[in-house]
Structure formats: C-alpha cells, structure tokens
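Residue-level structural notes
Each chain, written out:
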Amino acid sequence: MNTILITGVGRGIGFQLVREFLERDYRVIGTVRDEAAQARVTQLAAELGKTIETHIVELSEQASVDRLKDALDDCTVDILINNAGVRGGSEDTYSELDLDDWLTVLQINTLSPMRVTQALMANLSKSNQPKIVTISSAMGSLARERSDSIAYRSSKAALNKAMQCLAVELKPQKIGVYLMHPGWVRTDMGGPNGDISVEQSASGLAATLINFDMADSGQFWNYDGERLAW
Ligand SMILES: NC(=O)c1ccc[n+]([C@@H]2O[C@H](COP(=O)([O-])OP(=O)(O)OC[C@H]3O[C@@H](n4cnc5c(N)ncnc54)[C@H](OP(=O)(O)O)[C@@H]3O)[C@@H](O)[C@H]2O)c1
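Below you will find a few notes about this structure. (Residues numbered from 1 in each chain as written. Predicted model: local features only at pLDDT ≥ 70, side-chain atom pairs only at ≥ 80, totals over all residues. Heavy atoms only, no water.)

A few points about empty space enclosed by the protein
One pass over the structure, following the stated rule, counts one cavity of 30 Å³ or more. The calculated volume of the largest cavity comes to roughly 40 Å³. In terms of lining, the largest cavity is formed by Thr7, Leu59, Asn82, Asn83, Ala84, Ile108, Ser112, Pro113 and Val116. Residue contributions to the lining of the largest cavity peak at four residues, all from helix H4 (residues 99-125). In terms of residue class, the lining of the largest cavity is built from five nonpolar, four polar and no charged. (1 Å grid on protein atoms, 1.4 Å probe; cavity = no way out; pocket = protein on both sides within 12 Å on 5 of 7 lines; lining within 4 Å. Points joined across faces, edges and corners; volume = space filled by probe spheres on them. Helix = DSSP H or I, 4+ residues; strand = E, 2+ residues; numbered from the N terminus. Nonpolar A, V, L, I, M, F, W, Y, C, P; charged D, E, K, R; others polar.)

Details of the pattern of salt bridges
Under the defined criterion, the tally for this structure stands at six salt bridges. The partner of Arg11 in a salt bridge is Asp188, with the nearest N and O atoms 2.8 Å apart. You can see Arg11 sitting in the loop between strand E1 (3-6) and helix H1 (12-23) and its partner Asp188 sitting in the loop between strand E6 (176-181) and helix H6 (198-209), a full 177 residues away along the chain. Considered together, Arg11 and Asp188 belong to a single accessibility category, that of exposed residues. A salt bridge links Glu20 to Arg24; its shortest N-O distance comes to 2.7 Å. Taking relative accessible area as the criterion, Arg24 reaches 31% and is therefore assigned partly exposed. (Salt bridge = Lys/Arg side-chain N within 4 Å of Asp/Glu carboxyl O. Buried < 20%, exposed > 50% of the residue type's maximum accessible area, 1.4 Å probe, protein only.)

A short note on the site of the ligand
Inspection of the region around the ligand gives 28 residues, with Arg11, Glu58, Tyr152, Val185 and Thr187 positioned closest. Interatomic distance of 2.7 Å between a backbone N/O atom of Val185 and an oxygen atom of the ligand. Relative to its unbound accessible area of 900 Å², the ligand is 93% covered by the protein chains. Structurally, the ligand is housed in the largest pocket. Contributions of two or more residues to the shell around the ligand are made by H1 and helix H5 (150-170). (Near = heavy atom within 4 Å. Polar contact = N/O pair within 3.5 Å; in protein donor to acceptor, adjacent residues only side chain to side chain. Areas by Shrake-Rupley, 256 points an atom, 1.4 Å probe, with all protein chains shown as cover. Sits in = over half its atoms within 2 Å of the grid points.)

Here's what the structure looks like:
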C-alpha cells in the first residue's frame, strides 16, 4: 500500500484530497492544527470505511515539524503533498502592504513546504517512486502582471523557484518535484465565487499527480494536467 502525507487536511482542498486518496486505497497521513480538525478527518475516513493517521503540526514552527518527523520514524512516504497555505490579511497593494503580515505569509507558504520536505526526505528516499507535490498558485506566476496581493503572489513565486531548484538537485536520485495550481477553488481561501468546486479541484489534482513521472519533474502544472507558465 502506498503512503501519502498531506499537510493541512482539516478543511478545504486538503480535506478533499484525503477523500481522493483514501478512495484509492492509499495509507493517508494528514497534518492538522487542532483536535476538532482531527475529529473531522477521522469521521470522513470512518464514513469511507477507512482509517487515517493524523498529527497536530504547526508548520511554521521547526520544533513542531521535528516532532512529526520523529513520530513518522522510518516509515516510507511515497508522496508528500505540501498543501497548507494562507492568503494573508489583505488584498495588499504597494501602498497598503503590511510587512509583518508579508513575513508571516512567506513563513507559511514559502518556508514551511521546504521545512516539511527537509524533515521527510529520509522517508521519501525509501520509496521506489517518491514524489514531492507542492500546491502553489497561478497568482505567483511571473507571466501574470498584477498589482494586488503582493504578499501572497510573492510567497508563491518564491515557492516555485525554491522547488524548481530542489527538482534539479533531486533529479539524479529520481525524486520527482512538482508544483501545482489547484484552480480558483470555492474554499475558505478561494471564496464563494471561485471557478471550480473543491471536489473538481481535488479529483483533478489526484488524477494528475499520481501519473507524474520524472520527465514531469521541475514543472508547474494545472490541476487538470495542463502545463503552466512560470
Ligand atoms: N482556494 C483557491 O482558490 C486556491 C487557489 C490557488 C492556490 N491555492 C492553494 O491551495 C492550498 C489549499 O488552499 P485552500 O483553498 O484549501 O485553503 P483553506 O481552505 O484556507 O485551508 C488552508 C489549510 O492550510 C492549513 N494551514 C494554514 N496555515 C497553517 C500553518 N501555519 N500550519 C499548519 N497548517 C496550516 C489550514 O489549517 P487550519 O484549518 O488549522 O487553519 C487549512 O487546513 C494553499 O496552499 C493555497 O495557497 C488555493
């Protein structure tokens, strides 16, 4: 049985990804931030006749991520999905930009996926076909010129670059590294006017990412399998 670890599974896209991978008979490990979220995903798994292993992790804190690494011990992780993220406090333009808020967004959206990846590298290396999938956003694309949401856009642009570097470094070891845009999704983050439902996003992401191979590594992908411009 393949093992997948997904961050931020208590709600939104992460919650729906849990359903997708339990239905595909993966062993699913999820991170949440509180017991209420833990109860929600445990209930979801029970409804599907499955089980899920959850860990309470604050991804922006190294000590918390280290505890996750210790708890996983030497278990093989075939797929890591860095899903958790934040939008930041405002639709900031240059004139409104709150630098403290920007730092928080960078900490969670940019540094934390790399922090988790570092922590789980030994677990991933034990897999026959390891994949590191990071949920980014087309809002971080340099090909799109906009003036709003500086904190969020820059956090995802930096994330893309960091993961592209990682893809190059890990290619000789045959560890695939993939960036994905989930669509504009109707979640707490995406709001009610998003283009697609969380079900459409998660099913597209799951169907696309399980078919990734090393030739696809180091690229930016839409949830439906289309390649995106950086
Ligand atoms: N929705 C969209 O339209 C859209 C578009 C492009 C990209 N994305 C990306 O897709 C991913 C998921 O988005 P979503 O729409 O599902 O968002 P969401 O509904 O707001 O859920 C965000 C998830 O991230 C977790 N999280 C946030 N900060 C965390 C931290 N410091 N430590 C641990 N967990 C943390 C949250 O946990 P809590 O419940 O504990 O807060 C929650 O589970 C994000 O990376 C987002 O940037 C979303």
